[in-house]
Amino acid sequence: MPDLAWIQAAVGGLLGLLIGSFLNVVAYRLPKMMERQWARECAEMTGQSAPAPASGEKFNLVVPRSRCPHCGHLIRWFENIPIISYLVLRGRCSSCKQPISLRYPLVELVTGLLFAWCAWRWDLTWTAAAWCFFAAVLLALALIDWDTTLLPDDLTLPLLWAGMIASMLGWTGVALPGAVWGAIGGYLSLWLVYWGFKLAVGKEGMGYGDFKLFAALGAWFGWQGLVPIILMASVIGALIGLGMKATRSLREGGAVPFGPFLALAGITAMIFSPQAILRTVGLALP
């Protein structure tokens, strides 16, 4: 008989593949939904009629059905099986034969691996479910911030409150006071950095979404996890930023969003623990 841990990891991995497919939808549609909401709010404030969708149909995370961005071909269910459909179609639309971004199967694969790890580490328990939720939201936030430099409240705030609830239920190993102080410390620390940078150079170095994301990570790991997480995020961000500058692949204005690096540091802390990060760089307390 196969080891039970591997069976549970396989179940978690399969679920992760499905969730990863949905995260691709979230990363693409949620920013567009936000833009439409802002347009409606602006129209209301100026006394104008809200702009109607160009297609005339509802647009949310469920409808309309996914389409090929090149030819508008409706994606059939058997063309939307995580990873398998991409391989069968050889990475191309079945209708127009235009290439499908490799990002879609990679997101599915990474989500599947993260869910498999959570199920292997914590079995098929509520604790594993909580950390799967944590990983999925961070991955979605990283994708959205990289694409748009936005960190939606629709994701950061539920992540923060979920960390508080998970702490209260004993799923994170962090006592509730530690989670509360972690959230406070996470938010205020980047808020102070933001204002210090703005007063010094007259520019904004980050957005308020970064404060909320760091607060959410503080809720999940406690105030003790803030230093190793911000340290890892800063190092990774600096290295990738230098690499992009060297290859001249920086976007217009030279800005690199910080959210993806916070998210990556949070996932790393989930897998190895914040203390392990400090030990790696020789800063762990005896």
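Structure: above.
Structural notes, computed from the coordinates. This structure is a prediction, so every number in the text was calculated from the model and none was measured.

The rules we used
Position labels on residues start from 1 in each chain and follow its written sequence. Selection of residues for local features in this predicted model requires a pLDDT of at least 70, selection of side-chain atom pairs for listing and counting requires 80 or more, and totals for whole chains, interfaces and linings are taken over all residues. The side-chain numbers reported here are obtained from all heavy atoms of the structure, hydrogens and water having been left aside. The helix and strand labels rest on DSSP assignments: H or I over at least four residues marks a helix, E over at least two residues marks a strand, and numbering proceeds from the N terminus. Restricting the calculation to C-alpha atoms gives the radius of gyration, and the globule rule supplies 2.2 Å times the number of residues raised to the power 0.38. Throughout this description, buried means an accessible area under 20% of the type-specific maximum (1.4 Å probe, protein chains only), exposed means over 50%, and partly exposed covers the range between. Here a residue-residue contact requires only that any non-hydrogen atoms of the pair lie within 4.5 Å. To be clear on the numbers: accessible area is Shrake-Rupley with a 1.4 Å probe, and residue cover counts the displayed protein chains and nothing else. When charges are counted, Lys and Arg contribute as positive and Asp and Glu as negative, whereas His and the chain ends are disregarded. All charge positions are set by atom: Lys at NZ, Arg at CZ, Asp at CG, Glu at CD. Between the first and last residue of a helix there are one fewer steps than residues, each counted as 1.5 Å, and that sum is the expected span. Residues belong to a common nonpolar core when they are buried Ala, Val, Leu, Ile, Met, Phe, Trp, Tyr or Cys residues joined through side-chain atoms within 4.5 Å. Note on aromatic contacts: the rings of Phe and Tyr and the six-membered ring of Trp form a pair at centre separations within 6.5 Å, being stacked when their planes are under 30 degrees apart, edge-to-face when over 60 apart, and tilted otherwise. Angular values range over 0 to 180 degrees, each being the angle between N-to-C directions of two axes fitted as lines to C-alpha atoms, with helices fitted over their stretch in contact. In this scheme, roughly parallel covers angles under 35 degrees and roughly antiparallel covers those over 145, while 65 to 115 is roughly perpendicular and the rest are oblique. For any helix crossing, the convention is left-handed if the near helix is rotated counterclockwise from the far helix by under a right angle, and right-handed if that rotation is clockwise. Note on residue classes: Ala, Val, Leu, Ile, Met, Phe, Trp, Tyr, Cys and Pro are nonpolar, Asp, Glu, Lys and Arg are charged, and everything else, Gly too, is polar. Points on a 1 Å grid, built from protein atoms alone, make a cavity when a 1.4 Å probe fits but cannot get out and make a pocket when they are open with protein on both sides within 12 Å along at least 5 of 7 lines; residues with an atom within 4 Å of a point are the lining residues. Grid points are joined across faces, edges and corners, and a volume is the space filled by probe spheres set on the points.

With that out of the way, let us pick up the overall build of the chain. Regarding its fold elements, the chain presents 10 helices and zero strands. In sequence order, the secondary structure elements of the chain are arranged as α-α-α-α-α-α-α-α-α-α. Against the 2.2 N^0.38 benchmark of 19 Å for 286 residues, the chain shows a C-alpha radius of gyration of 21 Å, consistent with a compact globule. Taken along its principal axes, the extent of the C-alpha atoms in the chain is 65 × 60 × 40 Å. Out of the 286 residues belonging to the chain, those deemed buried represent 41%. Summarising the internal contacts of the chain: among those between residues at least 6 apart in sequence, 68% fall at separations of at least 24. Roughly 16300 Å² of accessible area belongs to the chain as shown, and the carbon and sulfur atoms make up 67% of that amount. The centroid of the 20 positive side-chain charges in the chain is displaced by 7 Å from the centroid of its 15 negative side-chain charges.

If you check helix α5 (residues 153-168), its first and last C-alpha atoms are 22 Å apart, about what 16 residues at 1.5 Å a residue would give, namely 22 Å. Every buried residue belonging to α5 is among Leu155, Thr156, Leu159, Leu160, Ala162, Gly163, Met164, Ala166 and Ser167, and all of these are buried. Turning to α5, the residues buried within the fold contact α1 (4-45), α4 (126-148), α6 (176-201) and α7 (208-221). Following α5 by one or two positions, glycine 170 adopts a phi angle in the positive range, close to 80°.

Turning to the nonpolar core, a few remarks are in order. Counting 60 residues, the largest nonpolar core has Phe134, Leu159, Trp220, Phe221 and Met270 as its most contacted members. At the level of secondary structure, the elements contributing two or more residues to this core comprise α1, α3 (103-122), α4, α5, α6, α7, α8 (226-246) and α9 (259-272). The element contributing the most residues to this core is α4, with 15 residues. Here leucine 159 is in contact with Phe133, Phe134, Val137, Leu138, Leu141, Leu213, Ala216 and Trp220, once residues within four sequence places are set aside.

Another point: the packing of aromatic side chains. Going through the model one piece at a time under the given rule, you end up with 15 aromatic pairs. Here tryptophan 131 and phenylalanine 221 contribute two aromatic rings whose centre-to-centre distance is 5.5 Å and whose plane-to-plane angle is 45°, an arrangement assigned as tilted. With a gap of 90 residues between them, tryptophan 131 in helix α4 and phenylalanine 221 in helix α7 connect regions that are remote in the sequence. A single burial state applies to tryptophan 131 and to phenylalanine 221, both of which are buried.

Moving on, we get to α6. Over its 26 residues, α6 runs 38 Å from end to end, which matches the ideal 38 Å to within 8%, given 1.5 Å per residue. Among the residues of α6, those classed as buried are Gly178, Ala179, Gly182, Ala183, Gly186, Leu190 and Tyr194. Against the buried residues of α6 lie α5, α7, α8 and α9. Glycine 202 lies just past α6 and shows a positive phi near 80°.

One way to put it is that α4 packs onto α5 with a least axis distance of 10 Å and a crossing angle of 155°. Classified by the interaxial angle, the pair formed by α4 and α5 is roughly antiparallel. The crossing of α4 and α5 is left-handed. Between α4 and α5, the residues in contact are Phe133, Phe134, Val137, Leu138, Ala140, Leu141 and Ile144 and Leu155, Thr156, Pro158, Leu159 and Ala162, respectively. Looking at the contact of α4 with α5 residue by residue, the class counts come to 11 nonpolar, one polar and no charged.

Positionally, serine 21 belongs in helix α1. In this structure, serine 21 is in contact with Asn80, Pro82 and Glu108, ignoring residues within four places of it in sequence.

Turning next to the environment of leucine 192. Residue placement: leucine 192 occurs in helix α6. Along the backbone, leucine 192 and cysteine 42 are 150 residues apart, and their C-alpha atoms lie at a distance of 30 Å.

Estimates place the volume of the largest pocket at around 1000 Å³. Along the walls of the largest pocket sit 39 residues, with Ser66, Arg67, Cys68, Ile75 and Tyr104 positioned nearest its centre. The set of elements that each furnish at least two residues to the lining of the largest pocket consists of α1, α2 (84-88) and α3. It is α1 that provides the largest number of residues to the lining of the largest pocket, a total of six residues. Residue composition of the lining of the largest pocket, grouped by class: 20 nonpolar, 11 polar and eight charged. Estimates place the volume of the second largest pocket at around 910 Å³. If you trace the second largest pocket, you find 36 residues lining it, with Gly205, Met206, Gly207, Asp210 and Pro257 closest to the centre. A per-element tally of the lining of the second largest pocket places α8 first, with six residues.

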